[in-house]
Amino acid sequence: MLVKTDKCRPGDVLRRDVFSKSDKPLIKAGTVLEDIHFAVLHAFLIDRIDVRTAGKKKNTDQTSGQHARLAADAPSSAKTDNSLLDAVFAQAVSSYRFFFKQWQSGEPVNIGLFRRDMMPLLKRGLADPVWFAGFLLHLTSLHSFEARCVAMGLVSGFLGKKAGLDPGNVYQMGLAGMLADCGMARLPPSLVRRADDVPGQAHALYERHVLDSYNMLKGVPTLRESLILAVIQHHEREDGSGYPLHLRGERLNIYGKILAVCDSFISEKDKAGAAGWPVRHLDHLARCAYGRLSGYVFAKFCYAVMTLFIGMNARLSNHQHGEITFVPDHQPTRPMIRLDNQMIFSLSDHREITIDQIDFK
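**Student:** Is there a simple way to think about helix α14 (residues 295-307) in this case?
**Tutor:** An α-helical turn contains 3.6 residues, so a residue and the one three or four places further along point in the same direction. Over its 13 residues, α14 runs 18 Å from end to end, which matches the ideal 18 Å to within 8%, given 1.5 Å per residue. Turning to α14, its buried residues number three or more, namely Val297, Phe298, Phe301, Cys302, Ala304, Val305 and Met306.

**Student:** In this structure, what is going on with empty space enclosed by the protein? I would like to understand it.
**Tutor:** Empty space among the atoms becomes visible once a probe the size of a water molecule is rolled across them. Counted by the stated rule, this structure contains 2 cavities of 30 Å³ or more. Forming the walls of the second largest cavity are Arg148, Cys149, Met152, Gly177, Met178, Ala180, Asp181, His234 and Asp263. Elements with a minimum of two residues in the lining of the second largest cavity: α7 (145-162) and α8 (167-179). Examining the composition of the lining of the second largest cavity, we find that 3 residues originate from one element, α7, more than from any other.

**Student:** Would you explain a positive patch on the surface in this entry?
**Tutor:** A surface patch of positive charge is lined by Lys4, Lys7, Arg9 and Arg48. Among the secondary structure elements, Arg9 is positioned in the loop between β1 (2-4) and β2 (13-14). Assessed through its relative accessible area of 48%, Arg9 is described here as partly exposed.

**Student:** Would you mind going over the sheet that holds β1 with me for this structure?
**Tutor:** Note on sheets: strands pair through backbone hydrogen bonds, and any given pair is parallel or antiparallel. The strand order across the open sheet formed by 3 strands is β1-β3-β2, and the pairing between neighbours is antiparallel. The sheet is open, and its two borders are formed by β1 and β2, each paired with just one other strand. By the bridge criterion, 2 bridges tie β2 to strand β3 (residues 48-52) in an arrangement that is antiparallel. When the bridges of β3 are listed, Leu14 appears paired with Val51.

Conventions used here
- Residues numbered from 1 in each chain as written.
- Predicted model: local features only at pLDDT ≥ 70, side-chain atom pairs only at ≥ 80, totals over all residues.
- Heavy atoms only, no water.
- Helix = DSSP H or I, 4+ residues; strand = E, 2+ residues; numbered from the N terminus.
- Expected span 1.5 Å × (residues − 1).
- Buried < 20%, exposed > 50% of the residue type's maximum accessible area, 1.4 Å probe, protein only.
- 1 Å grid on protein atoms, 1.4 Å probe; cavity = no way out; pocket = protein on both sides within 12 Å on 5 of 7 lines; lining within 4 Å.
- Points joined across faces, edges and corners; volume = space filled by probe spheres on them.
- Patch = residues over 30% accessible without salt bridge, like charges linked within 9 Å, V, L, I, M, F, W, Y side chains within 5 Å.
- Areas by Shrake-Rupley, 256 points an atom, 1.4 Å probe, with all protein chains shown as cover.
- Salt bridge = Lys/Arg side-chain N within 4 Å of Asp/Glu carboxyl O.
- Lys, Arg positive; Asp, Glu negative; His and termini not counted.
- Charge placed at Lys NZ, Arg CZ, Asp CG, Glu CD.
- Pairing = 2+ DSSP bridges.

Below you can see the structure in the form of structure tokens.
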């Protein structure tokens, strides 16, 4: 039956495809609705859908079994379709823009509402390595400040997960990454658009955003103190050359080190062209940030990113093509490539050759 979207609940099952402006269904019939689907429906302003409700509590076990079978039979795109996660990302960016305007007007950080709007993306985005790999490959196409902040949270959660944090801390890491620059709301609007290289007094004013972020988050319930401390540390560097407190590596917590690596990666994105992203820029960051970022955390990040691309096509600077088949942990940006002629080509043995492009098959 046709039901208002805000009256539906997780566990309800779509009876008919949901369409937006495309001939391709946004969500396919048979999908067991979850939080991610409601975020998509909200993003596309779809206020009514045809569903079969989950039923009363006494039939929970039977209904759950039916839902599990429907989920298994549904096309994979109905469960983790890239278009769904793209829409959830877009909705998160829109929500961030709304929150940021509130902060600019002096409103405090409402962590409950912020968490509600960001968790669908963190949960499903970090659970879908195929979507996340594509997201990283297209990171250079994200230009808005809000998109940068949301991306920073996703990348921070990803690295936290690969660093072995428990799920609760992974999501806290993601939220901290998203909120690391919330203090920009206290600066003049002309500085909000990431002018990292502004000179003189303007740069000193820009650096103040780290303290403002900390002050806005200090005492916020449900955010752990260690993560709030990481926010004030995300521009600090291992050699003491960072800001605002010029702390050295031994005084930085693991969360601060993770945020520092992710912020540097996102900032490198802002300077990058599409060619060779992100491999060439991981190499560039390794050179220019040597001794400034935690070597352990950065190495783990490089390896985690590159392993996402195993099985993808690579175009090399010598005009050869092939599939990434193996990523060495000691030189992750120099993987082994199975060329179109089935020969194995090791980039570690050919330092003059680089990866110009990575894409899906």
